Amino acid sequence: MRRPFRGLGAILFKEFIVVLRDPMTLFFMLFPPLIEMIAFGYALDNDVKHMAMVVFNEDRTVESRQLLDRFVNTETFRIVREVGSATALASEIRAGHAYVGLQIPPHFTRDLRAGRPAQAQLLIDGSNSTVALQALNTAVAIALTQSTENLLKESGRHAVPVEIRPQMLYNPTMRSPNFFVPGVIGIVLQIGTTFATAMAVVREKERGTLEQLLVSPLSRWGLMLGKLIPYLCIGMLMAFLLFGIMHFVFFVPIAGSIVAMVLATLVYVFALLSLGLLVATKAENQMQALQMSMAFILPSVFFSGFIFPRETMPAIFYGLGAVLPTTYFIWLMRAIILRGATFFEYLPSLGILSLMAILLFCVCALRFRKKIG
Amino acid sequence: MNQESRDAMIECDGLTKRFGSFTAVDHVSFSVARGSIFGFLGPNGSGKSTVIRMLCGILEPTDGRARIGGRDVLREGEAIKEMIGYMSQKFSLYDELTVNENLLFSGKLYSLRDRDLKKRRDELIALTHLEPYLNRRAAHLSGGWRQRLAMACALMHQPTVLFLDEPTAGIDPVARRELWDLLFEFAGRGMTLFVTTHYMDEAERCSHVGYIHMSKLIVSGQPDDLKQLPEVTPTGTRRLDVTCDHVTQALQAMRSVEGVRSATVFGQSMHLLVDDAITRADIEKKLLGVGIQRAEIHVIGPSLEDVFVALTAKYANENQGEKAA
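Residues numbered from 1 in each chain as written. Chains lettered and ligands numbered in written order. Predicted model: local features only at pLDDT ≥ 70, side-chain atom pairs only at ≥ 80, totals over all residues.

(A) Focus on the overall build of chain A. For chain A, the helix and strand inventory stands at 14 helices and four strands. Judged by the C-alpha coordinates and their principal axes, chain A covers about 95 × 45 × 40 Å. Considering chain A as a whole, with its 373 residues, one finds that 39% of them fall into the buried category. (Helix = DSSP H or I, 4+ residues; strand = E, 2+ residues; numbered from the N terminus. Buried ≥ 20, exposed ≤ 12 C-beta atoms within 10 Å, placed from the backbone.)

In structure tokens form, the structure reads like this:
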């Protein structure tokens, strides 16, 4: 084959006209990802604040009031109701009116003043483990703080014997959007792009125009690249819009190099579009293409480290994550955007992602037979 | 190598295609001379499109070989692609593109340079009279114009062999006639045309025809030669055209006559295949019996349809004989 990309110019000419002439398709390619991005960005916030709490206070003293104030002052809890019995406390939680129930027994202040362990019971709705864990941690911290203060007062010391001074690097305020939004970009980009190229090729199969292309001297590399480039442009446009939303709507600061961010995105989108082309070499109609694309997209939502840390996964899912382009993209985004990683720090991941992109593209071009049937 | 095979543009030798246990094309052999119009006939699903696809190099034959312009379809597929044009059954066009853009796209696919591209486009527009529709999207063209555009697209790179898969299916008679006029013009310029069709009148216009039935090529040759085949008009029989009133009743009457081998209605007349023993007087007498006073009777030659009907029946009989044996 003397000219490996023969026919590329013709395919580009046609694809750009087809894409640009149909503003509705373009709109529906670009618009839903932006909505998804905003929706995901707001929904995926596990900074739990003002958790509903019911109280059954049998003590009714200044000390018990102070304990309640400590709960409210953390901003993790808000008292929605005070009830008159332990049964009512439990039923409020069961009914879903509150996540937590605090029961302060009548002898709480008496025990406290007498130097005996003063106990209060905390009921936590464990059905949402994230929320429950945070409620537990906060409540334990409240008790510890108060205990420490009391002990310091009694011992006459001014400082605690051991102190940890934490310093949060890269996301000092521990905002959820900073962690989630770069990942959301990875997922949203995948949904928009993988379908696009898969559909673009399968549609030609369905219409019979592919057969017409196959009788011409068009090369398969020319065809594949010609299908990919227009959607690469759209994918990058989409990525810029998503980065814009990330920065200006969710106020995620970009610590690293914007050039590196764009480069990683370009490689990632290229890999996804190649994946779409790979789907198209197998799928015979749009329905099959849709189902096959979903089969690739779903695992990357769960196993890429987008929500759940990969390190805690069983080895098989950890391994599955290691072959997904999304895993590397999300890692790269967090490294570049949040940690401001430098070239040699993110190079290994970028290298793997680039290798994947090239490999996927070669596989789909080689798998694509210039034959039918 | 004799004269005929040196001039052959398309040659098939035992071409076979099997899909699993189904044999779509079964040892088909024929050759098409340069500059001729080869009409390829056969019922739906008989393997016509499969043969075309193998000749165009987009479907791999299971067995046998095919050559176009002396080049092997399997080994020199890419070189063949430069010299062939293909117009599929669906008139595969890009609906989103205008007529002009579809033409330019087709030319670019074959790496035509800008100047040649425009020149060639203008020639084809003049030939197909597409100029009023240049900026109309292909989606908004009627069947006849889509067909013209599809053909113009297939011709952008000046192929020496043009394959047309049922080019006149679903097209009005005027467009159909005009298409054939164009095909004759191309053939006159030395282009070789391979056309599949269902229409017998189109087959009559071809310089060569082939008839495929149940994946097997039953016959191929020049229409006039085929009509002379002894199987078509067996010895001791002749074909008659009988024009009379009440053709349907006449048909019933004639079918009951011993010595009348077949009777078919053609518009206002009927075609009979009769034993030589049957005279005009016999026929007139029989018709008078059902109240038909006047009838014009002529001896006629077989039509291509007669040829195909006779050969299909013969083939079916032989096959049955084979199975029984």
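(B) Region of the structure containing helix α10 (residues 247-255) of chain B. All names here are of chain B. Among the residues of α10, Ala 250, Ala 253 and Met 254 are the ones counted as buried. Projected onto a plane normal to the axis of α10, the buried residues spread over an arc of 95° and lie on a single side. Across α10 from its buried face, at more than 90 degrees, point the exposed residues Thr 248, Gln 252 and Arg 255. (Arc of directions from axis to C-beta.)

(C) Representation of the domain arrangement of chain B in the model. Along its sequence, chain B is organised into domain 1 (3-222) and domain 2 (237-301). Here domain 1 of chain B and domain 2 of chain B have C-alpha centroids that lie 41 Å from each other. (Domains from an automatic or database assignment.)

(D) Looking closely at the nonpolar core. Counting 154 residues, the largest nonpolar core has Leu 332 and Leu 353 of chain A together with Phe 163 of chain B as its most contacted members. With 15 residues, the single largest contributor to this core is helix α10 (residues 258-282) of chain A. If sequence neighbours within four positions are ignored, Leu 353 of chain A has contacts with Ala 264, Val 267, Tyr 268, Ala 271, Pro 325, Tyr 328, Phe 329 and Leu 332 of chain A. Judged by nonpolar contacts, the second largest core, of 19 residues, contains Tyr 99, Ile 104, Ala 118 and Leu 123 of chain A. (Core = buried A, V, L, I, M, F, W, Y, C linked by C-beta atoms within 7 Å. Contact = placed C-beta atoms within 7 Å.)

(E) Summary view of the sheet that holds strand β2 (residues 77-82) of chain A. Residue and element names in this part refer to chain A. On the basis of which strands lie adjacent, the open sheet formed by four strands has the order β2-β1-β3-β4 and mixed pairing. Each edge of the sheet is formed by a strand with only one pairing partner; in this case those strands are β2 and β4 (121-124). Sheet twist, expressed as the mean angle between neighbouring strand axes with direction ignored, is 25°. Against the sheet, helix α3 (residues 62-73) makes contact with β1 (51-57), β2 and β3 (100-104), and its axis sits at roughly 135° relative to β2, the strand it touches most. Along the sheet, helix α4 (residues 86-94) makes contact with β1, β2, β3 and β4, crossing β3 at roughly 165°. (Pairing = 2+ DSSP bridges. Axes fitted to C-alpha atoms, helices over the stretch in contact; angles between N-to-C directions.)

(F) The packing of helix α1 (residues 8-21) of chain A against helix α9 (residues 220-248) of chain A, seen in detail. All names here are of chain A. Their axes nearest at 8 Å, the elements α1 and α9 cross at an angle of 30°. When the axis of α1 is compared with that of α9, the two are roughly parallel. Crossing of α1 against α9: the hand is right-handed. Contacts between α1 and α9 involve Leu 8, Ile 11, Leu 12, Glu 15, Phe 16 and Val 19 on the former and, on the latter, Gly 222, Leu 223, Leu 225, Gly 226, Lys 227, Ile 229 and Pro 230. For the contact of α1 with α9, the residue count by class is nine nonpolar, two polar and two charged. (Parallel < 35°, antiparallel > 145°, perpendicular 65-115°, else oblique. Left-handed = near helix turned anticlockwise from the far one by under 90°. Nonpolar A, V, L, I, M, F, W, Y, C, P; charged D, E, K, R; others polar.)

(G) Region of interest: the interface of chain B and chain A. On the side of chain A, 24 residues touch chain B, which itself brings 22 residues to the contact. Broken down by secondary-structure element, the contributors of at least two residues to the side of chain B that touches chain A are α3 (77-83), β6 (84-87) and α4 (99-109) of chain B. Counting residues per element, the side of chain B that touches chain A draws most heavily on α4 of chain B, which supplies four residues. Taken together, the residues of the side of chain B that touches chain A break down into ten nonpolar, three polar and nine charged.

(H) The packing of α9 of chain A against α10 of chain A, seen in detail. All names here are of chain A. With their axes 9 Å apart at the nearest point, α9 and α10 run at an angle of 135° to one another. By the angle class used here, α9 and α10 are oblique. You can see that α9 and α10 cross each other, and the crossing is right-handed. Residue-level contacts link Met 224, Lys 227, Leu 228, Tyr 231, Leu 232, Gly 235, Met 236 and Ala 239 of α9 to Thr 265, Leu 266, Val 269, Phe 270, Leu 273, Ser 274 and Leu 277 of α10. Here the contact of α9 with α10 is composed, by residue class, of eleven nonpolar, three polar and one charged.

(I) Region of interest: the domain arrangement of chain A. Domains assigned within chain A are domain 1 (8-44 + 175-367) and domain 2 (51-155). The centre of domain 1 of chain A, based on its C-alpha atoms, is set 48 Å off from the matching centre of domain 2 of chain A.

(J) Representation of the sheet that holds strand β4 (residues 63-68) of chain B in the model. Residue and element names in this part refer to chain B. Read across the sheet, four strands follow the order β2-β1-β4-β5 without closing on themselves; strand pairing throughout is antiparallel. Only two strands of the sheet have a single neighbouring strand rather than two, namely β2 (22-33) and β5 (71-72). Across the face of the sheet, helix α2 (residues 48-55) comes into contact with β1 (8-19), β2 and β4 while running at roughly 115° to β1.

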